[in-house]
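Spelled out, the chains give:
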Amino acid sequence: MSRGGGKGLSLKDKLDGNELDLSLCDLNEVPVRELAALPKATILDLSCNNLISLPSDFCSLMHLVKLDLSKNRLQQLPLDFGRLVNLQHLDLLNNRLVTLPVSFAQLKNLKWLDLKDNPLDPVLAKVAGDCLDEKQCKQAAVKVLQHMKAIQSEQDRQRQRKLQAEREMEKKREAEQRAKEAQERELRKREKAEEKERRRREYDAQKAAKQEMEKKTKKETVQTRKPPSSSRPPQPPRHKPSWSRSVLRVLLFVLFCMLCTVAACKLTELQRQPLCVSVNTLYEDVVAALQNHKTLQNMLQHNSQQ
């Protein structure tokens, strides 16, 4: 293995029992693939190198029990660092760490922890303590785990509150959407009813106009066929029949019949018959009587004038 972290000397040559010492190798990166091939190396020393960060697949080395990352330039640990559940001893002395990942709370087997000489967050620094002896380092492991578990619980609660708020917001949006859709349906329904009512009124108006037009046309047709009363020729005044006129007509009819009989008796061969003799005699008497009746003469004259 070269100082730049390249491939060279096999890691097996550095393995001593279950301990693998890669300190002072001037490493810029961790050979995770080669380390994964050595599950027996439960103790790994990566101190005094130039490591700025650990790759995300470093957390797949779950067989590690003791890990020394002191005197590097680590600025942060992988977010899933808590996957190293078998880790019992962790040395992070003299790095550039400010905080620890929340998953750190999952290191339930951690018994020893050193975070000295890091620009830690003041709260975390106070929890971790100095780690000047074995007892303090063990206390640091316990206290830091408790602190990280509290942070994890608070984050879980915040996450739950956020999820709850998002669910409530989603329910509110759904309720608003349903209300909006219901309002739109009601609006469309009302617009449809108004449109139907408008068309019904138009139909009624057209029907009424058509009936009025038909009525007007029929009236004009009747007036065209029947001349107006003003254009009728003047009718002669009608006189009411009087009693005297009726009597006169009867008399005239009787007279006409008598004249016909008289004419027949005078002008035909029937004049010698006994009936005609009587008729001629009666005729002569009536004529004589009429000539002497002035009132009847005046009536006859008046009717003749009419």
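Everything numeric in this text was worked out from a predicted model, so none of it was measured.

Here is what the cut-offs are and how they apply
- Residues numbered from 1 in each chain as written.
- Predicted model: local features only at pLDDT ≥ 70, side-chain atom pairs only at ≥ 80, totals over all residues.
- Heavy atoms only, no water.
- Helix = DSSP H or I, 4+ residues; strand = E, 2+ residues; numbered from the N terminus.
- Buried < 20%, exposed > 50% of the residue type's maximum accessible area, 1.4 Å probe, protein only.
- Contact = heavy atoms within 4.5 Å.
- Pairing = 2+ DSSP bridges.
- pLDDT = per-residue confidence, 0-100.
- Salt bridge = Lys/Arg side-chain N within 4 Å of Asp/Glu carboxyl O.
- Polar contact = N/O pair within 3.5 Å; in protein donor to acceptor, adjacent residues only side chain to side chain.
- Disulfide = S-S within 2.5 Å.

## Section: the overall build of the protein
And then number 1: A count of helices and strands for the protein gives six helices and six strands.
And then number 2: Taken from the N to the C terminus, the helices and strands of the protein come in the order β-β-α-β-β-β-β-α-α-α-α-α.
And then number 3: Sorting the 306 residues of the protein into buried and exposed places 24% on the buried side.
And then number 4: Sequence-distant contacts, at least 24 apart, represent 35% of the contacts inside the protein between residues at least 6 apart.

## Thoughts on the sheet that holds strand β5 (residues 89-91)
And then number 1: Read across the open sheet, the six strands follow the order β1-β2-β3-β4-β5-β6; overall the sheet is mixed. The open sheet has two free edges, formed respectively by β1 (15-16) and β6 (112-114), since each of these has just one partner strand.
And then number 2: Summarising the sheet, β5 and β6 pair through three bridges and their orientation is parallel. Residue pairing across strands places Asp-91 opposite Asp-114, the latter belonging to β6.

## Here we look at the side chain of Ser-47
And then number 1: Considering the arrangement of structural elements, one finds Ser-47 in the loop between β3 (43-45) and β4 (66-68).
And then number 2: The exposure class assigned to Ser-47 is buried, which follows from its relative accessible area of 7%.
And then number 3: Non-local contacts of Ser-47, meaning those with residues more than four positions away in its chain, are made with Ser-23, Leu-24, Asp-68, Ser-70 and Asn-72.

## Quick word on unusual backbone geometry
And then number 1: Phi at Leu-24 is positive, roughly 55 degrees, even though this residue is not glycine.
And then number 2: According to the relative accessible area criterion, Leu-24 is exposed, its value standing at 61%.

## Looking at the confidence of the model for the protein
And then number 1: Here the protein averages 85 in pLDDT, while 83% of its residues score no lower than 70.
And then number 2: The low-confidence segment residues 1-8, where pLDDT is below 50, has 19 contacts with residues more than four positions distant or belonging to other chains.

## What about the pattern of salt bridges?
Pairing of side chains with opposite charge becomes possible as their charged atoms draw close.
And then number 1: Across all of its chains, the model carries 12 salt bridges by this definition.
And then number 2: The shortest N-O distance in the salt bridge between Glu-170 and Arg-173 comes to 2.6 Å. With Glu-170 and Arg-173 both in helix α3 (residues 134-225), this residue pair falls three residues apart, about one helical turn.
And then number 3: Take Glu-170: its relative accessible area is 34%, and that puts it in the partly exposed class.

## Thoughts on the side chain of Asp-45
And then number 1: Within the fold, Asp-45 resides in strand β3.
And then number 2: A distance of 2.7 Å separates a polar atom in the side chain of Asp-45 from a polar atom in the side chain of Ser-47.
And then number 3: With sequence-adjacent residues up to four places away left out, Asp-45 is seen in contact with Leu-20, Asp-21, Leu-22, Ser-23 and Asp-68.

## Looking at the state of the cysteines
And then number 1: Enumeration according to the criterion identifies one disulfide in this entry.
And then number 2: Each sulfur of the disulfide joining Cys-131 and Cys-137 lies 1.7 Å from the other. Between Cys-131 and Cys-137, the S-S dihedral sits near 100 degrees, and the bridge is therefore right-handed. The pair Cys-131 / Cys-137 is uniform in exposure class, with both members buried.

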